[in-house]
Amino acid sequence: MFFPGSRYETVAEAVYVDSSGRERPFKLLRIISQAPVVQGHAVRQGDRLDRIAFQFYDDPEQFWRICDANHALRPDELLEEVGRKLGIPLVPR
């Protein structure tokens with residue numbers, strides 16, 4: 001259901017059975033582990049999370065790691081303040 005490397009790949013699944021007996025699979029709550037922050041990035045005008053992720057991870061789809069490390073529920077809010085220091089976490093291997 002999720003591509004390899006997705007943040008949801010390892011999240012446990014469950015099945016809800018509705019009143020008609022139809023099974024509906026879903027993912028349980030994703031627990032955000034605290035990865036060590038090893039670098040920082042000062043937000044500049046025009047920054048985008050996918051580009052920052054590419055700069056540090058060579059993969060723009062890893063932007064969610066930056067969001068998790070900075071406790072962002074709304075990713076775009078991380079870039080609203082020019083000069084804000086973002087924590088860039090180490091990617092677990």
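Summarised in this report is the structure supplied together with it. Every value quoted in this text rests on a predicted model; they were computed, and no experiment measured them.

Here we take up unusual backbone geometry. Phi angles above zero are rare outside glycine, and D58 is one such case at about 60°. Counting through the fold element by element, D58 comes out in the loop between helix 1 (49–57) and helix 2 (63–69). Residue classification places D58 among the exposed residues on the basis of a relative accessible area of 61%. For H71, which is not glycine, the phi dihedral falls at a positive 55°. Checked against the element boundaries, H71 lands in the loop between helix 2 and strand 4 (85–89).

Checked against the element boundaries, H41 lands in strand 3 (residues 37–42). Its relative accessible area of 4% is what places H41 among the buried residues. A polar contact is formed between the side chain of H41 and the side chain of D47, at a distance of 2.8 Å. When residues no more than four places from it in sequence are discounted, the contact partners of H41 are D47, I52, Q55, F56, R84, K85, L86 and I88.

With that settled, the discussion passes to the environment of P60. As for its placement among the helices and strands, P60 is situated in the loop between helix 1 and helix 2. Sequence separation of P60 and L49 is eleven residues, and the distance between their C-alpha atoms is 7.7 Å.

Attention now moves to the nonpolar core. Across soluble globular proteins, you tend to see nonpolar side chains buried next to one another. Ranked by size, the top nonpolar core spans 13 residues in total, and within it L49, I52, Y57, I66, L78, L79 and L86 carry the most contacts. For this core, the secondary-structure elements that each account for two or more residues are helix 1, helix 2 and strand 4. Of the residues forming this core, the biggest block, four residues, is contributed by helix 1. Those residues within four positions of Y57 in sequence are excluded, and the remaining contacts are Q62, R65, I66, I88, P89 and V91.

Now for the pairing of strand 2 (residues 23–27). Here strand 1 (residues 13–17) runs beside strand 2; their pairing, made up of five bridges, is antiparallel. Bridging from a neighbouring strand, A14 pairs with F26 of strand 2. The antiparallel hairpin formed by strand 1 and strand 2 contains five residues in its connecting segment, where G21 sits at a positive phi of about 90°.

Tracing the sequence through the fold places D47 in the loop between strand 3 and helix 1. Polar side-chain contacts of D47 include one of 2.9 Å to the backbone nitrogen of R44. Beyond its immediate stretch of four places on either side in the chain, D47 contacts H41, A42, I52 and L79.

Calculation rules
- Residues numbered from 1 in each chain as written.
- Predicted model: local features only at pLDDT ≥ 70, side-chain atom pairs only at ≥ 80, totals over all residues.
- Heavy atoms only, no water.
- Helix = DSSP H or I, 4+ residues; strand = E, 2+ residues; numbered from the N terminus.
- Buried < 20%, exposed > 50% of the residue type's maximum accessible area, 1.4 Å probe, protein only.
- Polar contact = N/O pair within 3.5 Å; in protein donor to acceptor, adjacent residues only side chain to side chain.
- Contact = heavy atoms within 4.5 Å.
- Core = buried A, V, L, I, M, F, W, Y, C linked by side-chain atoms within 4.5 Å.
- Pairing = 2+ DSSP bridges.

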